[in-house]
Amino acid sequence: MKGRISNKLGDVSISEDVIATYAGSVAVECFGVVGMAVINMKDGLAWLLNKDTIDRGVSVVIKDNEVSLSMHIIVAYGVSISAVADNLIENVRYKVEEFTGMKVGSVEVFVEGVKPID
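This structure is a prediction, so every number in the text was calculated from the model and none was measured.

About the cut-offs
Within every chain, residues take consecutive numbers counted from 1 along the sequence as written. The predicted nature of this model means local features are confined to residues of pLDDT at least 70 and side-chain atom pairs, given and counted, to a pLDDT of 80 or more, with totals for whole chains, interfaces and linings taken over all residues. Computation of side-chain values covers all heavy atoms of the structure but excludes hydrogens and water. Under the DSSP-based scheme used, a helix requires at least four consecutive residues in state H or I and a strand at least two consecutive residues in state E, with every element numbered from the N terminus. When accessible area is computed with a 1.4 Å probe and restricted to protein chains, residues below 20% of their type maximum are described as buried, those above 50% as exposed, and intermediate ones as partly exposed. Contact between two residues is taken to exist if any of their heavy atoms lie within 4.5 Å; hydrogens are not considered. The Shrake-Rupley method, run with a 1.4 Å probe sphere, supplies the accessible areas, and residue values consider only the shown protein chains as cover. Joining through side-chain atoms within 4.5 Å is the link that ties buried Ala, Val, Leu, Ile, Met, Phe, Trp, Tyr and Cys residues into a set, and such a set is a nonpolar core. Only strands joined by at least two bridges in the DSSP assignment are considered to pair. A helix is expected to span 1.5 Å multiplied by its residue count minus one. Read the arc as the range of directions from the helix axis to the C-beta atoms. Two N or O atoms form a polar contact when they lie within 3.5 Å of each other; inside protein one atom must be a possible hydrogen donor and the other a possible acceptor, and for residues adjacent in sequence the pair counts only when both atoms belong to side chains. Note on aromatic pairs: the rings of Phe, Tyr and Trp (six-membered ring only in Trp) are paired at centre separations within 6.5 Å, and the planes decide the class, stacked below 30 degrees, edge-to-face beyond 60, tilted for the rest.

Our focus in this paragraph is the overall build of the protein. Secondary structure summary: the protein contains 2 helices and 7 strands in total. Starting at the N terminus and ending at the C terminus, the protein contains elements arranged as β-β-α-β-β-β-β-α-β. Across the 118 residues in the protein, those meeting the buried criterion constitute 33%. Within the protein, contacts between residues separated by at least 24 positions form 64% of all contacts whose residues are at least 6 apart in sequence. In the structure as shown, the protein presents an accessible area of about 7,200 Å², 52% of it carried by carbon and sulfur atoms.

So, in structure tokens, the structure goes:
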């Protein structure tokens, strides 16, 4: 389902893929986040995604024009996971709401791995 914004000039539809790409871009800018991850269902292993496939680490559900996000991340070794998750949720919620004009109902964070910073 696509998100919809209506104003006096007309209607705008926003695809879930657009929101996923934007949310993933916001997430990797947060302190302590090394990158987005995707789970290989066959092996159960997490893979670090590059910038071209960053949207695969984000699941977007739009219901009644409210966005729900699930984000799979890899964090930097030695940082507080709870602090990183809190910062990520706050930043993603704020920026996606500003970007889309829709309310973000929930942001779930799944830490799929830890990686030392080079």
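Resuming the write-up.
Our next topic: the nonpolar core. Core analysis: the biggest nonpolar cluster contains 25 residues, and Ile19, Leu69, Met71 and Val92 have the highest contact counts within it. Secondary structure elements with two or more residues in this core: α1 (16–28), β3 (33–40), β5 (58–63), β6 (66–76), α2 (81–100) and β7 (103–115). Aside from chain neighbours lying at most four places away, what touches Leu69 is Ile19, Ala23, Val58, Ser59, Val60, Val92, Val96, Val104, Ser106, Val107 and Glu108.

In β5, alternate side chains face the same way, and those of Val58, Val60 and Ile62 are buried while those of Ser59, Val61 and Lys63 on the opposite face are not. Here 6 bridges tie β5 to β6, and the two strands are oriented antiparallel to one another. The residue bridging Val58 from the neighbouring strand is Met71, located in β6. Remark: 2 residues form the turn of the hairpin made by β5 and β6, two consecutive strands paired antiparallel; Asp64 in that turn has positive phi of roughly 55°.

Turning next to α1. Each α-helix turn comprises 3.6 residues. Residues three or four places apart therefore point the same way. A rise of 1.5 Å per residue sets the reference length of α1, with its 13 residues, at 18 Å; its end C-alpha atoms lie 18 Å apart and thus fit the reference within 8%. Every buried residue of α1 is listed here: Ile19, Ala20, Ala23, Gly24, Val26 and Ala27. With its buried residues spanning 160° around the axis, α1 presents them on a single face. Of the residues that open α1, the one with a side-chain oxygen 3.2 Å from the backbone nitrogen of Asp17 is Ser15.

Relative to strand β2 (residues 10–14), strand β1 (residues 3–7) is paired through 5 bridges, and the arrangement is antiparallel. Paired with Ser6 across the two strands is Asp11, which belongs to β2. Remark: 2 residues form the turn of the hairpin made by β1 and β2, two consecutive strands paired antiparallel.

Summed over all chains, the structure comprises 1 aromatic pair. Measuring from centroid to centroid gives 4.0 Å for Tyr22 and Phe99, while their planes differ by 10°, and the two rings are stacked. Taken together, the residues Tyr22 in helix α1 and Phe99 in helix α2 connect sequence positions 77 residues apart. You can call Tyr22 partly exposed: its relative accessible area is 25%.

Another aspect to go through is the side chain of Ser70. Looking at the secondary structure, you find Ser70 in strand β6. A distance of 3.0 Å separates polar atoms of two side chains, one belonging to Ser70 and the other to Glu108.

Checked against the element boundaries, Thr100 lands in helix α2. A distance of 2.8 Å separates the side chain of Thr100 from the backbone oxygen of Val96, its partner in a polar contact. Of note is the side chain of Thr100, whose polar atom sits 3.1 Å from the backbone nitrogen of Met102.

That's the geometry; what it means functionally is another story.
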